[in-house]
Structures are given as structure tokens and as C-alpha cells.
Amino acid sequence: MIEFVTFLVLMALGYGFGQYAERKHYRSILEREKRFRSEVLVFQTGVPPEQGQGQDQDVRLVMGSVVISVDYFKRFLAGLRALFGGRVKSYESLLDRARREAVLRMQQEASKLGAGMVINLRMETASISKGEEKTVGSVEVLAYGTAIITRDARSRFEPTRFGRATELFERA
Amino acid sequence: MLVTNIETVPGRQVIKHLGLVQGSTVRAKHIGRDILASLKNVFGGELKAYTELLQESRDEALDRLQQQARAIGANAVLNVRFSTSSVAQGAAELFAYGTAVVLDEE
């Protein structure tokens, strides 16, 4: 009986706090994504888009990582899902949040260095509590890339080639 | 020491290729942090202690990679990749590897 009550309490706590935390996190992600979208451009290619004007730019490895955990309620749902199969929505949103957060942190680091873009973005996912009785639970996502730091942002960005670069002009 | 994950550095030439260098570290979880983490397993959300732990370990792996590169006379490491694997329960290996090169002076 007591076990059942604890279970119910944990479910309720997990549901309440989990939903609240997730909503808050998504709000913050959306807000920061909006900001960094124009500030730090991210490319997956390994070659800087405007090569040939090379001399006055620095390159630097930047990374961002996050370890994030799913709440009790969602873990229980995922456990049920494992019986019937199908989409495990609770882990989908967990991984989505983790990836976006990791990329945002990387962008933040790049922006601190004064970089206008990050190229050669790579992502890595690892589940750190692997091998323990409680399945996935928490997951780590690492995003890394090379920040291109232009010593003179003004000459580097041509608004005709980068639509968003106008904002960089205004800031400079 | 210049460390990047692209294959060429804009505006600079590779004058010598020195081969693969690597750095790794294995870290175990902290028991105190683990208690906090199990609380988070109920409420959900970011496990800040683990984020920091892994970040520190990764920095150390990068440090070792750079030491190795410096020892063989490189001034840059290109094409760096990261990899994480859990070797035992509660312990993770963080591994960084790349190509050590000598770049010309600017």
C-alpha cells in the first residue's frame, strides 16, 4: 500500500515538475535561438563559405554540452511504450531539447569569442547511465565545431551573400 | 596550439604532417552528485553536476591531446573528433583525437 502511494506521489511530482521544466526550457530555447540565429551562423560544411579572403581570420574549436534527464512520469510512460512499441514521445522531446541546448551553448561560446560563424558542426550523443537498471533516463549531447573569428567583422560579411549579416553591421 | 575540427586552416598552409595524436580520460561519477542526480530523475531537467563533470573531463582529454602534439613538435591539431563510451557502470571514457601538423607562420 505504502509503495503504491509513493509511486503515485512520484508520478504526480514527476508530471508536475517535469511539464513545468520542459515548458520553461522550450521557452528559453526558442528565445535564445531567435537571438543567436542572426548572431552566430552555424554550418555543417567544413569549408568557410567565403574562402579566399583568409588572411585575417582566426579559427578555434568551440563546444557545448548538456546532460539532461527525463522525469519519473515520462520514464514510466516510456516503460509502457517498451511493451507495445511505437513512438516514444517522452524521449523524443528529451533528445530534441538536449540537442538544441547543446548547439545553443556552443553558439554562446562562439559569440563570446567574437565569432560570426561556426563551421563543421558535429554532434555526439551518449547515454551516461548505460548499464544501470533504469534504462535511458539521462542523456548527454555534445555539439562542437570550429568558430571563425574575423578580426574585422565589417569587411567580412557581405549583405548580398548573407541576408542576416545586416544585423552584424549594425552591431559593429 | 591551434585546435580545430576542420581539415585546413584558412590562410595558412600545412608544411608538415605528423600523424594522429590522441588524448583520453576515464571518469567515474561522484557519489554525492549521484544522489542529486537521482532526485533529478524524478523531476527531470538538466543534471548540471554531470554537465560540468563531463566538460572538465573533455577539457582534460583535449589537454592531453595538445601535450602529445606539442611533444612531437606540432603547432596545430586539425580535424579533431570526440568520442564518448561508457566502459563500466558509472564510468565514462572521453576521447579526443586529431591530426598533428606543423603550420606555416602567418
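Throughout what follows, the structure given in this document is the object of discussion.

Next up on the list: the layout of surface pockets. A probe matching the size of a water molecule, rolled over the atoms, marks out where space remains unfilled. Its boundaries defined by the atoms lining it, the largest pocket holds a volume of some 360 Å³. Lining the largest pocket are 18 residues, and of these Ala21, Lys24 and His25 of chain A together with Gly45 and Glu46 of chain B sit closest to its centre. Where the lining of the largest pocket is concerned, the elements lending two or more residues are helix H1 (2-39), strand E2 (57-69) and helix H3 (89-112) of chain A together with helix H1 (31-43) and strand E3 (45-46) of chain B. Residue contributions to the lining of the largest pocket peak at seven residues, all from H1 of chain A.

Strand order in the open sheet formed by five strands is E1(A)-E3(A)-E4(A)-E2(A)-E3(B), and the pairing between neighbours is mixed. Each of the sheet's edge strands pairs with one partner strand only, and the pair in question is strand E1 (41-42) of chain A together with E3 of chain B. Strand direction decides the pairing type here: E1 of chain A and strand E3 (residues 117-126) of chain A, joined by two bridges, are parallel. The residue of E3 of chain A that forms the bridge with Val42 of chain A is Val118 of chain A.

One can expect most non-glycine residues to show negative phi and most peptide bonds to be in trans. Here Asn120 of chain A, not a glycine, exhibits a phi torsion of approximately 55°, which is positive. Along the polypeptide, Asn120 of chain A turns up in strand E3. In the Ramachandran plot, Asn79 of chain B falls in the positive-phi region, its phi being about 55° despite a non-glycine side chain. Along the chain, Asn79 of chain B falls in strand E4 (residues 76-88).

So, on to helix H2 (residues 72-84) of chain A. An α-helical segment advances 3.6 residues per turn. Residues three or four places apart therefore align on the same side. All names here are of chain A. Relative to the 18 Å expected for 13 residues at 1.5 Å per residue, H2 spans 19 Å between its end C-alpha atoms, a close match to the ideal helical length. With a side-chain oxygen positioned 3.1 Å from the backbone nitrogen of Phe73, the residue opening H2 is Asp71. One or two steps after H2, the chain reaches Gly85, where phi turns positive at roughly 80°.

In this structure the tally under the stated criterion is seven aromatic pairs over all chains. Here the aromatic rings of Tyr144 of chain A and Phe82 of chain B are separated by 4.7 Å at their centres, their planes lie at 90°, and the arrangement is edge-to-face. Here Tyr144 of chain A, found in strand E4 (residues 138-150), pairs with Phe82 of chain B, found in strand E4, and the two come from separate chains. Relative accessible area serves as the criterion here: at 2%, Tyr144 of chain A is assigned to the buried category. Counting every residue linked through ring pairs, the aromatic cluster contains Phe4, Phe7, Tyr72 and Phe76 of chain A. The side chain of Arg35 of chain A reaches across the aromatic face of Phe36 of chain A, ending 4.6 Å from its centre.

With that settled, consider a negative patch on the surface. Side chains of Glu109 of chain A together with Glu52, Glu56, Asp59 and Asp63 of chain B sit close together on the surface and give a patch of like negative charge. If you tally residues by element for the negative patch, the top one is helix H2 (residues 48-71) of chain B, at four residues. Considering the arrangement of structural elements, one finds Glu52 of chain B in helix H2.

Quick notes on the rules
Residues numbered from 1 in each chain as written. Chains lettered and ligands numbered in written order. Predicted model: local features only at pLDDT ≥ 70, side-chain atom pairs only at ≥ 80, totals over all residues. Heavy atoms only, no water. 1 Å grid on protein atoms, 1.4 Å probe; cavity = no way out; pocket = protein on both sides within 12 Å on 5 of 7 lines; lining within 4 Å. Points joined across faces, edges and corners; volume = space filled by probe spheres on them. Helix = DSSP H or I, 4+ residues; strand = E, 2+ residues; numbered from the N terminus. Pairing = 2+ DSSP bridges. Expected span 1.5 Å × (residues − 1). Polar contact = N/O pair within 3.5 Å; in protein donor to acceptor, adjacent residues only side chain to side chain. Phe/Tyr/Trp six-rings, centres within 6.5 Å; stacked < 30°, edge-to-face > 60°. Buried < 20%, exposed > 50% of the residue type's maximum accessible area, 1.4 Å probe, protein only. Lys NZ or Arg CZ within 6 Å of the ring centre and 35° of its normal. Patch = residues over 30% accessible without salt bridge, like charges linked within 9 Å, V, L, I, M, F, W, Y side chains within 5 Å. Areas by Shrake-Rupley, 256 points an atom, 1.4 Å probe, with all protein chains shown as cover. Salt bridge = Lys/Arg side-chain N within 4 Å of Asp/Glu carboxyl O. Lys, Arg positive; Asp, Glu negative; His and termini not counted. Charge placed at Lys NZ, Arg CZ, Asp CG, Glu CD.

So, to be careful, I would describe these as geometric facts and stop short of saying anything about function.
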